[in-house]
Amino acid sequence: MSGNGIGYGEQGGEVAPELAQEAAPTTAPSVPAAFGLFSSDTKKNEDLKQMLESSKDSAKLDAMKRIVGMIAKGKNASELFPAVVKNVASKNIEIKKLVYVYLMRYAEEQQDLALLSISTFQRALKDPNQLIRASALRVLSSIRVPIIVPIMMLAIKEASSDLSPYVRKNAAHAIQKLYSLDPEQKEMLIEVIEKLLRDRSTLVAGSVVMAFEEVCPDRIDLIHKNYRKLCNLLVDVEEWGQVVIIHMLTRYARTQFVSPWKTDEDVGDEYNENNFYESDEEQKEKDRKVKKTYTMDPDHRLLLRNTKPLLQSRNAAVVMAVAQLYWHLAPKSEAGIISKSLVRLLRSNREVQYIVLQNIATMSIQRKGMFEPYLKSFYVRSTDPTMIKTLKLEIMTNLANEANISTLLREFQTYVKSQDKQFAAATIQAIGRCATNISEVTDTCLNGLVCLLSNRDEIVVAESVVVIKKLLQTQPAHHGEIIKHMAKLLDNITVPVARASILWLIGEYCERVPKIAPDVLRKTAKSFTNEDDLVKLQILNLGAKLYLTNSKQTKLLTQYVLNLGKYDQSYDIRDRTRFIRQLIVPNEKSGALSKYAKKIFLAQKPAPLLESPFKDRDHFQLGTLSHTLNSRATGYLELSDWPEVAPDPAVRNVEVAESAKEWTAILSKTKKEKPTEKFYSESEEEEEDSASTSATESESGSESEKERKEESSSNESSESSSSTGVSSDSESEESTEKKTSGAAEESDSEDIKKKAKEISKSRSTFSSSDTESSSSEESSSNSKSESDSNNDSDTEKSRNATSSKKGEKTVQGRKAPNKQDVFLLDLDDFYPVTTPVAVPAAAILSPSLTADLEGLSLSGSPVIDVTTQVFVPTKMHEMLHRMTGKGLSAHYQFSRQPCIFGDRMVSVQVTLTNTSDQKIENIHIGEKKLPPGMRMHEFNPIECLEPERSVTVSMGIDFCDSTQTASFQLCTKDDHFNVNIQPPVGELLLPVTMSEKDFKKEQGMLTGMNETSATIDVAPQNSTSRVITERLMKAANLGVVPSGQDKIHRFAAKTVHSGSLMLVTVELKESSTAQLIINTEKTVIGSVLLRELKPVLSQG
Amino acid sequence: MCFQQKMIHSLFLINCSGDIFLEKHWKSVVSQSVCDYFFEAQEKAIDVENVPPVISTPHHYLISIYRDKIFFVSVIQTEVPPLFVIEFLHRVADTFQDYFGECSETAIKDNVVIVYELLEEMLDNGFPLATESNILKELIKPPTILRSVVNSITGSSNVGDTLPTGQLSNIPWRRAGVKYTNNEAYFDVIEEIDAIIDKSGSTVFAEIQGVIDSCIKLSGMPDLSLSFMNPRLLDDVSFHPCIRFKRWESERVLSFIPPDGNFRLISYRVSSQNLVAIPVYVKHLISFKENSSSGRFDVTIGPKQNMGKTVEGVVMTVHMPKAVLNMNLTATQGSYTFDPVTKVLAWDVGKITPQKLPNLKGIVNLQSGAPKPEENPSLNIQFKIQQLAISGLKVNRLDMYGEKYKPFKGVKYITKAGKFQVRT
């Protein structure tokens, strides 16, 4: 602590900079050797201190670099703490970073001093730059100082609702750190985890699941609502997060779904049980036929389907994670797909090979068939390390069967001769196992092993003896010859195990070799004193057995041996000698036991089972540390058994603010299909609007039919096509998925992809004539070139193609809202980024999107596409108060999702709550009083609403681009109430994306009377781009247009009904004012919007 | 209260002579003494290759990899998928390789500050944070001689002053604001033949492992799609994260926004069901006489089925049995070396001309008195064939969307021997 004292003093003095400045250069070179007694370390540190206190950044940096070097070597640099910590606020990024490194290393040891740095981080937590906020949180949470736990807690809470997903990701990391610092915070942290689990950003997903696994892995209930989202996001999560999520979902699935395996084994038995398995919800479904086969829960299927592509990952850990998921969760008929990928990993470095081979070894015991086609991939190369060789051998042995045994044995023959003797020995054991498992080859193997007995290498011979002994035990009847042969070997073999094995064999079968056995005993009695303990015990055994069977010849010999044993050094042997003597030599003291001595010694012994050492590993989850070590590692989470009855699958349904689409799953069967489908996939099929449920139904039916044909081999195909259950449409999703071209990772909207595809198609058709020439050129020259002229003509043509398709495209653009999938398009990811950082916009906007956009703008026509909403307002408007509604209350909110009922409608979510204590029946919409032109799509009647329950339904209203009120009656069985919905103008819009160029072009066409503008005061705290975006988004459903200028923010939308453009520009001026400009054809709406947006930015 | 500490706790770098030359802790400090368990295991193993990657100690688990004569030993406290750690450690080694040109002890010691900064960015609390080299290079600039000179004069630093944006986008592998005057995209299709040939010259096992390595220097945000003439050849493919999986599933086209610089686009396997053309054959006669301390060695390598291309870069390495003392050989082509300590014979043949086949012949001297080696050593062959993908895979075309300039495009094919072993 003396170091601390000094530190404080210096800190307090705040150091005269001039002095330090002078001192630094002089002392640095003059480390005098005179002070030989002092360790040079302390003096070096002295000079480091001075360098740190210098005012020059370069000196500080130098010092910090040296200090980091010390830390890296494991030297103690803690006494520099006070000098280092002062630099935490340095302007130089590199110094700052190195100070962070230092702090994380030593803060725990110097808690008091570490507190000095906290305020710097607290300040940085409020920084407008998300990266600075994130790194501040990271360092703050890495300082393991218990006093700051409350500060950390606060920081985490705040960061978890930060607009930037990157900051939220760091918040998730911080959770784990805080938890390990102070487990008392668990409850509060779980709340944060719960909140972050709801996050839709792929950046956050992996980290928060990691935190979940660490803090509260048993709170499986937190996962329910996020299960489907996690499944859908999985492909886009970064690779390390994928591993964690997959492992977590494996555990989750084992608690939530019923086993898909039973039916694999025997379908017949399951006939009755299966009904029992169906959950209540399923049973409600009227007149369904009794199913013969097990039907997989659609969520279970979803998981399997969404993890499958990850088998293609370049990351071995991801591939292994998916493999274990399939192993533990998939029907047995489907698990086969993982073998190919696992075999691929064998090309990787030896550590990966080692782990993968271990897992394959476990798998190959239970299901040979999976890896049999890849048998040759496990052939051993002489250059493999021994541990890899033995694992490969293990797998080959597991895979051996009647069909391949002859090839395998030939291969084994090569291995036996290997220079690597340890491996040769393992091969002999493997041969032994093959011999016992496959009776056809037992004799061949035995003969082969006997040949090996004449091998020159002792280890090989010894191993052969041991294996032969085991083999003979299984069928001793006709192998007298071999035993004789082995008896002869006894003269030459010195390896104790082998000698012991031979002796045991002779003793055991002494009656078959009556002449040889006593002679062997004679020989070994002579050498008794020089033998290994193991051999001595067997000599005693042999003597005892001979004494019992052939006492005439061997009585004296045995007694001699027993006498030798009596005075042996090892107490084990003395003990055994005494025991045997009492048992076999009759005297007055020995009781009844000696009568049975023969039965005891020469009892029929069960043959040993030659088993794989991997036999017992299967109770560990594959791919885990515990599996590798074959012992429970700390923190290993047991994989539970399948539940007998699946818990209620409805818990995974997502409601209210999450998705307007899910409501129907509970309420209406006919509507069920579409919402779920949209939820799962980016299906494009909803071209035609609401009404045609029947069409969809049949479509999905036929698709599931198709599916079934494909999968007819596996038992788990879909239920009958008449059923409209969730499972059938999830099945069909696979095929609809194929229609969409792009991967889910592209966060561009569907129709852009479609266009891009169209273009590529048109290109390919055009280029097909070119293809030949270009390819031939390529192959003939093989140089790194491809003619540009070729390329030129291509693009030229495609340009033509694009422009000719222009008209078509605009039509598609209109239809776009129907084709979106909010859940897969993860726009949260990039939207906050566009705002705070001043970098070229094209780079940060979802790049594929911008790329596509720019590619398309070649044609010269502006590209305007509807995107998903980026902000969902949570504000609820009251529609019906519970007092007036006699217990029924109703609220509505605008979900800002493209309406599924019609593309000119605004979707409205209505939450109905029963606050009375009686059921409310038949809630529906009665008489409508709508202004002319306005249309409304009602929600389906709700048959019954239990007390204290609430449902959320969604409806569509076409407001005709006006803010007029939609009035209608909300009816129950007994009552009707007049209610109305008035839309804020901001909700009559759908956000669109466009490039800056297009924006300007469009704006140029909408001037004059189409332009309204106003100058507004901007509150100073509102002048950052992030806040501006956030606030405008909240007020109106706008899309951000990437802007190259810092001061100008542009937003674009179109009206829902007429699709007219609505362009909003915010131009920040001097002295906290701004110009707000709106360009639109719909001047009325434009001016109303202007009025509404004005106060938004001026409010504090 | 028991709480868990997941993932990587600490990392030690250990050289072959057992010195710990770097340590890094992401949580509380773990004493170096934990490595004693590792040294113990190292002693037990016959050679470095056989040190088990996972070791259990009373309080920790050690997961290690061995790369370029360095052991990366990580300390783990609780259950974690071992491959997760192994894969990450290799990523760390790759990054060092990428930054310093080699992943050696000296390179790491010389750049200890950068190493520390890298490790700090790559792991947070033991959980991988940024592992993409494109992002890391924006955060921490790799050292170059020029830069170190400039830095020492101007006092500027290696730490990027721009903040990385790639990490925030949903294409973390590409850095933002890439600009080149010459826009180029090169693809190297590299195929390796893995084979085991038995004594009689018949193929026991053969398959083709391929990769496409790319070097993309394109400005802006190019969106590329690469198509093949015969995509069905690819049996099992693994992708760089940039590739759109669904597009591949539906159209067999590789569509992607590439990272900037060098990266591995895909690796694939051509199924072993297809017949693999083996481009070389080996005639060998190796024998050790009983009771005399010598043996004969005679190996000839010849080309076959090489589609008219030259086989070059041929090297043969043989691990001779321990009893071999020395070898007296003559090579008709190239040169050979024999290391009496490791017993490794290496013959650098070079190019094979069909007219005059390279041959290596002579006498093997054995330790007198030692028993005759039982097994003949197997021959490991390396070779290269330029301008040929042995599987017949052909790139059809490369299209670029999203940018207006015309890139320079090139595809190169090469076939190599992978793990190519001839048993004798």
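Treat the numbers as computed from the prediction; the structure is a model and nothing was measured.

Asker: When you look at the overall build of chain A in this model, what are you seeing that I'm missing?
Answerer: Scanning chain A from N- to C-terminus turns up 49 helices and 16 strands. For chain A, contacts bridging at least 24 residues in sequence account for 68% of all contacts bridging at least 6. Per element, the accessible surface of chain A, about 44100 Å² overall, is 52% carbon and sulfur.

Asker: How should helix H6 (residues 93-106) of chain A be read in this particular structure?
Answerer: Side chains of residues three or four places apart in an α-helix project in the same direction, reflecting 3.6 residues per turn. Residue and element names in this part refer to chain A. With 14 residues, H6 extends 20 Å between its outermost C-alpha atoms, agreeing within 8% with the 20 Å of an ideal straight helix rising 1.5 Å per residue. H6 sits mainly inside the fold: 12 of its 14 residues count as buried. All of the buried residues along H6 are Glu94, Ile95, Lys97, Leu98, Val99, Tyr100, Val101, Tyr102, Leu103, Met104, Arg105 and Tyr106.

Asker: Looking at this structure, how should I read the pairing of strand S15 (residues 294-303) of chain B?
Answerer: Every regular strand shows the same layout, with side chains that alternate between the two sheet faces. Residue and element names in this part refer to chain B. Of all 10 residues in S15, nine are buried; the element is thus mostly enclosed. One ladder, built from nine bridges, connects strand S14 (residues 280-288) with S15; its direction is antiparallel. Following the sheet pairing, histidine 284 is matched in S15 by valine 299. Counting the residues that bridge the hairpin from S14 to S15 gives five residues, and of these asparagine 291 lies at a positive phi of roughly 65°. When S15 meets strand S20 (residues 359-366), the two strands line up antiparallel, connected through seven bridges. By the bridge assignment for S20, aspartate 298 is matched with lysine 361.

Asker: Would you take a moment to explain the side chain of arginine 67 of chain B for this structure?
Answerer: In this structure, arginine 67 of chain B sits in strand S4 (residues 61-67). A polar contact is formed between the side chain of arginine 67 of chain B and the side chain of histidine 90 of chain B, at a distance of 3.0 Å.

Asker: What is the right way to look at the packing of helix H29 (residues 480-489) of chain A against helix H30 (residues 496-508) of chain A in this model?
Answerer: The relative placement of two packed helices is expressed as an angle between their axes plus a distance between the axes. Residues and elements named next belong to chain A. The interhelical angle for the contact between H29 and H30, taken along N-to-C directions, is 135°, at an axis separation of 10 Å. In terms of orientation, H29 lies oblique with respect to H30. The crossing of H29 and H30 is left-handed. For the pair H29 and H30, contact is made by Ile483, Met486, Ala487 and Leu489 and by Ile502, Leu505 and Ile506, respectively. Grouping the constituent residues of the contact of H29 with H30 by class yields seven nonpolar, no polar and no charged.

Asker: Can you help me understand a nonpolar patch on the surface in this one?
Answerer: Judged by side-chain polarity, Leu593, Tyr596 and Ile600 of chain A come together as a nonpolar surface patch covering roughly 310 Å² of accessible area. Relative to the elements of secondary structure, leucine 593 of chain A occurs in the loop between helix H34 (571-584) and helix H35 (597-601).

Asker: I would appreciate a short explanation of the packing of aromatic side chains in the present structure.
Answerer: Scanning the model with the defined rule gives 24 aromatic pairs over all chains in all. Centre to centre, the rings of phenylalanine 81 of chain A and tyrosine 102 of chain A are 5.7 Å apart; their planes meet at 50°, and the pair counts as tilted. With a gap of 21 residues between them, phenylalanine 81 of chain A in helix H5 (residues 81-85) and tyrosine 102 of chain A in helix H6 connect regions that are remote in the sequence. Tyrosine 102 of chain A matches phenylalanine 81 of chain A in its accessibility class, with the two residues each being buried. Taken together, the ring pairs connect Trp240 of chain A together with Phe84, Phe88 and Phe127 of chain B into an aromatic cluster. Positioned above the aromatic ring of tryptophan 327 of chain A, the side-chain terminus of arginine 367 of chain A is 4.0 Å from the ring centre. Sitting over the ring of tryptophan 504 of chain A, lysine 469 of chain A keeps its end group 5.1 Å from the ring centre.

Asker: Hey, could you run me through the confidence of the model for chain A in this one?
Answerer: Interpretation of this model should avoid reading the predicted coordinates in detail wherever pLDDT is low. All names here are of chain A. On average, residues of chain A score 73 in pLDDT, and 72% of them reach the 70 mark or higher. Averaged over each element, pLDDT in chain A is lowest for helix H38 (residues 669-680) (37) and highest for helix H20 (residues 316-329) (93). pLDDT under 50 marks residues 1-39. Its contacts with residues more than four places away, or in other chains, come to 30 contacts. Segment residues 755-863: pLDDT under 50, and 217 contacts once partners within four positions in sequence are set aside and those in other chains are kept.

Asker: Got a minute to help me understand the sheet that holds strand S4 (residues 906-914) of chain A in this structure?
Answerer: Strands in a sheet are paired, the pairing made by backbone hydrogen bonds, and the direction either parallel or antiparallel. All names here are of chain A. The five strands are arranged S2-S3-S4-S8-S6 in an open sheet whose pairing can be described as antiparallel. Of all the strands in the sheet, the pair left with one neighbour each is strand S2 (877-880) and strand S6 (935-937). Across the sheet, the mean angle from the axis of one strand to that of its neighbour is 35°, orientation sign disregarded.

Asker: Explain a negative patch on the surface here, please?
Answerer: Taken together, Asp532, Asp533, Asp572 and Asp575 of chain A make up a surface patch of like negative charges. A relative accessible area of 38% places aspartate 532 of chain A in the partly exposed class.

Asker: Can you help me understand the sheet that holds strand S2 (residues 20-25) of chain B in this one?
Answerer: Overall, antiparallel pairing links the five strands, which are arranged S2-S1-S5-S4-S3 (chain B) in an open sheet. Edge strands, defined here as strands with exactly one partner in the open sheet, are S2 and strand S3 (54-56) of chain B. Taken pair by pair, the neighbouring strands of this sheet meet at an average axis angle of 20°, ignoring direction. Two strands pair when backbone bridges link them, and S4 of chain B and strand S5 (residues 70-76) of chain B are joined in this way by seven bridges, in the antiparallel orientation. Bridge assignment links tyrosine 61 of chain B to a residue of S5 of chain B, and that residue is isoleucine 76 of chain B. Against the sheet, helix H22 (residues 350-366) of chain A makes contact with S3, S4 and S5 of chain B, and its axis sits at roughly 135° relative to S4 of chain B, the strand it touches most.

Asker: Just checking my understanding: could you explain unusual backbone geometry for this structure?
Answerer: What is expected of a backbone is that most residues other than glycine have negative phi and most peptide bonds are trans. Residues and elements named next belong to chain B. Of note in the backbone geometry, aspartate 68 takes a positive phi value of approximately 50° without being a glycine. Following the sequence through the fold, aspartate 68 ends up in the loop between S4 and S5. A positive phi is found at lysine 69, a non-glycine position, where the angle reads about 65°. In this structure, lysine 69 sits in the loop between S4 and S5.

Asker: Hey, could you run me through the environment of leucine 329 of chain B in this one?
Answerer: All names here are of chain B. Its place among the elements puts leucine 329 in strand S17 (residues 324-331). Look at leucine 329 and you get buried, because its relative accessible area is 9%. Measuring from C-alpha to C-alpha, the distance between leucine 329 and glycine 362 comes to 4.1 Å, with 33 residues separating the pair along the chain. Residues within four places of leucine 329 in sequence aside, it is in contact with Phe297, Tyr336, Leu345, Leu360, Lys361, Gly362 and Ile363.

Rules used throughout
Residues numbered from 1 in each chain as written. Chains lettered and ligands numbered in written order. Predicted model: local features only at pLDDT ≥ 70, side-chain atom pairs only at ≥ 80, totals over all residues. Heavy atoms only, no water. Helix = DSSP H or I, 4+ residues; strand = E, 2+ residues; numbered from the N terminus. Contact = heavy atoms within 4.5 Å. Areas by Shrake-Rupley, 256 points an atom, 1.4 Å probe, with all protein chains shown as cover. Expected span 1.5 Å × (residues − 1). Buried < 20%, exposed > 50% of the residue type's maximum accessible area, 1.4 Å probe, protein only. Pairing = 2+ DSSP bridges. Polar contact = N/O pair within 3.5 Å; in protein donor to acceptor, adjacent residues only side chain to side chain. Axes fitted to C-alpha atoms, helices over the stretch in contact; angles between N-to-C directions. Parallel < 35°, antiparallel > 145°, perpendicular 65-115°, else oblique. Left-handed = near helix turned anticlockwise from the far one by under 90°. Nonpolar A, V, L, I, M, F, W, Y, C, P; charged D, E, K, R; others polar. Patch = residues over 30% accessible without salt bridge, like charges linked within 9 Å, V, L, I, M, F, W, Y side chains within 5 Å. Salt bridge = Lys/Arg side-chain N within 4 Å of Asp/Glu carboxyl O. Phe/Tyr/Trp six-rings, centres within 6.5 Å; stacked < 30°, edge-to-face > 60°. Lys NZ or Arg CZ within 6 Å of the ring centre and 35° of its normal. pLDDT = per-residue confidence, 0-100. Lys, Arg positive; Asp, Glu negative; His and termini not counted. Charge placed at Lys NZ, Arg CZ, Asp CG, Glu CD.

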